[in-house]
Structure formats: structure tokens, C-alpha cells
Amino acid sequence: MTGNLRSAIPTLTSLADIGDDSLQHLLARADALDQLLSSNGALPASLSGITVANLFFEPSTRTRASFELAATRLGAHVINLDMARASTVKGESLLDTIRTLHAMNVQLFVVRHAGERILQPVADALVGQYLAIVSAGEGRADHPTQGLIDALTLLQRFGNLEGRTIAIVGDIVHSRVARSAIHVMGRLGANLRIAGPAGFMPPAEDLQEAVRCASLDEAMDGADVVMALRIQRERMTEEGTLDEMGYFTEWGLTENRLAHIAPDALVMHPGPFNREVEIASEVADGPRSLILRQVALGIPVRMAVLEWLAQELDA
Ligand code: CP
């Protein structure tokens, strides 16, 4: 496949890097693709002739599976590399891995990595190549497609996010999901609140667009949506064990607590979640939960993103 060589390769590493037109396009296109998927409508072969490589250096279930399903539904060929057995283990850099696969005619790269803000420099080093890179989650920094999923989940429910109050609670400081959600939902007009244990709150200069609350109840009071976050043990450098029962008592989402403080609130969690630690099963599996809707929207959102990147390749 050939195309125009550009001064920058198409990427999606942070929603902060895309303009309002692109953001609105991705959300509207994902919504349209969701309707097509729901009605078994004919899907466009937008990625026909393209090969997508999934490079996941960190564990994943929903992001990896939905990127693969998204790509195959648009007609792409997909390869999933087992990065624990790839040549990066032998010292090959991510840049050289991408160059190597591109020599085999792979054009779209989906990368999850523990490093932060490493993908854009890799993309910058590949200028002139006919390829595109999308983040599937970079360290604590960003998870742009999850941000789109979370925004679309609420847009489908509310129509728009103007004036809606969204409380994000738990392990904020280690969460790329929180960063992307706060960015995109704030851009769409929502009021954001954050709350968590002292060790899980970001420094004062970080995430200033969200109002800080001192307790779960304060964050939830009058909220339209409460999003719980997974405790990101893999990003913690401190020694010691977490008192899960104590955490659940103070920060866990329970039906009793919601019924008293935010009786109409919807509940989200990007997953994977720890039952009876961050969220009670009765809430996660109950009628106010949007968790599986978030999972389902992973496919159309990632279809929209891959299709957009493929179009950008030829723009
Ligand atoms: N929400 C999310 O990124 O889940 P996975 O780690 O399973 O991909």
C-alpha cells in the first residue's frame, strides 16, 4: 500500500493533541459504528489492505481484544505479538521493533507501554514512513481510547455532558484513565470532582481542572456519575500492603452508600475491577452500572480511531 509521506506520522497518543473537530468526529463516528454493529448493518472495509500490529507491553483484556475485533471488522489483517517473548526482551528498542514490523508492511501500530510519553518521540523518529501509531495506554499519562469510550458512554445516556457532575474516585495518581477522562469530559462541559486516599491523590499542580473532595461522600453528593478506579498496584513504588477491607469501607462503592448520597447516580469503572475492594458486586452488576456498556463501546470507538488514522495516512 502506498500513500503520501507527511511531515508527521498520524498518531493518537493523547486527546489533548487533537482538535475539537477531530474529537467530535471520532465520537460521532464511533456512535454511528455502534449503531451499525447493533443492527448487524454492513460495515465499511475501511482497513482493507492494512495490517495492524498489537504491541502490548502491559497486560490487557478489553483494550487488546477490542482493538483486534475493531481492526478485523474493518477488514484489516491483525497480528498480536507476545511482547514477553518478543525481541524487545533481548534489548531491541520499541523504535526498532516498529521499523522491523513496518519492513514487513505493517502500517498501523497499537501500543500499550508502562513508559510515559514515549510514543510521540518514537513517532517523531519515524517521520517519512507510511505508518500510524495509537496508544493503548501509556503509563500513568494517557489512555485516549478509554477516554473516548467513557465520554461516549455518557453521551449516549445524557445526550451531552454540559453541566453534568462526574466524580472520579480511588487511585487517581496512578491512573491514566482518570487523566484522559478528566480531559475529555471537561472539554465536553462536565464538572469533574476527584477524591481518594491521601496517597492516591495527585500533587496540587496536577489535574487542576477537577475539584478535589475530602471524602467519597463529598465527591458523590449530587453527582450524576461516579467512576471508581482500579488500585494500580503495578505502578506503586512504596513498600507495604494495602488494607483492602479498610479501603472498601472508606472508598468502596456500595449500594447503601449510593442510595443515601447519590440515589440517581450511574456508576462506571474502566475495568478490570476488584470486587469488594473498589466496588461492591451488587453495584458492579446492578442496574446503575455502565461497566459492560463501557466494554461494549470499546469496539466502535477503536474502529473509529483506526479508520481515522488510516484516513490520515492518505490525507
Ligand atoms: N480498561 C482497560 O484498559 O482494560 P484492560 O487493561 O483490560 O485493557
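Residues numbered from 1 in each chain as written. Predicted model: local features only at pLDDT ≥ 70, side-chain atom pairs only at ≥ 80, totals over all residues. Heavy atoms only, no water.

## Comments concerning the sheet that holds strand E10 (residues 266-268)
For sheets, the rule is that strands pair by backbone hydrogen bonds, running either parallel or antiparallel. Pairing within the open sheet is parallel, and its five strands lie in the order E8-E7-E6-E9-E10. In this open sheet, the two edge strands, each paired with only one partner strand, are strand E8 (211-212) and E10. Direction of pairing for strand E6 (residues 165-169) relative to strand E7 (residues 191-195): parallel, over a ladder of five bridges. In the sheet register, Ile168 faces E7, and the bridge partner there is Ile194. Against the sheet, helix H5 (residues 144-158) engages E6, strand E9 (225-228) and E10, with an angle of about 165° to E10. (Pairing = 2+ DSSP bridges. Helix = DSSP H or I, 4+ residues; strand = E, 2+ residues; numbered from the N terminus. Contact = heavy atoms within 4.5 Å. Axes fitted to C-alpha atoms, helices over the stretch in contact; angles between N-to-C directions.)

## As for the site of the ligand
Neighbouring the ligand are Pro59, Ser60, Thr61, Arg62, Thr63, Arg112, His143, Gln146, Pro270, Gly271 and Pro272. At 2.6 Å from an oxygen atom of the ligand is found a side-chain nitrogen or oxygen belonging to Ser60. His143 is positioned with one of its side-chain polar atoms (N or O) 2.9 Å from an oxygen atom of the ligand. For the ligand, whose unbound accessible area comes to 250 Å², protein coverage reaches 92%. Tallied by class, residues from the shell around the ligand come to three nonpolar, six polar and two charged. Counting residues domain by domain, the shell around the ligand receives three or more from each of domain 1 (11-142 + 297-313) and domain 2 (144-295). (Near = heavy atom within 4 Å. Polar contact = N/O pair within 3.5 Å; in protein donor to acceptor, adjacent residues only side chain to side chain. Areas by Shrake-Rupley, 256 points an atom, 1.4 Å probe, with all protein chains shown as cover. Nonpolar A, V, L, I, M, F, W, Y, C, P; charged D, E, K, R; others polar. Domains from an automatic or database assignment.)

## A look at the domain arrangement of the protein chain
Looking at the assigned domains, one finds that the protein chain contains domain 1 (11-142 + 297-313) and domain 2 (144-295). Once you take the C-alpha centre of each, domain 1 and domain 2 turn out to be 26 Å apart. Across the boundary between the two partners, domain 1 contributes 35 residues, which contact 28 residues of domain 2. Both faces considered, domain 1 and domain 2 share a buried interface measuring about 2,500 Å² in area, 60% of it formed by carbon and sulfur atoms. Inspection of the domain 1/domain 2 interface yields four salt bridges. The salt bridge involving Arg235 is made with Glu58; its shortest N-O contact spans 2.9 Å. The interface formed by domain 1 and domain 2 holds 18 residue pairs in polar contact (both at pLDDT 80 or more) in total. Taken together, the elements giving at least two residues each to the side of domain 1 that touches domain 2 come down to helix H1 (20-38), helix H2 (62-73), strand E4 (108-113), strand E5 (132-138) and helix H11 (291-314). Ranked by the residues each element gives to the side of domain 1 that touches domain 2, the list is headed by H1, at eight residues. A per-class count over the side of domain 1 that touches domain 2 returns 16 nonpolar, nine polar and 10 charged. (Buried area = accessible area lost by both parts, 1.4 Å probe. Salt bridge = Lys/Arg side-chain N within 4 Å of Asp/Glu carboxyl O.)

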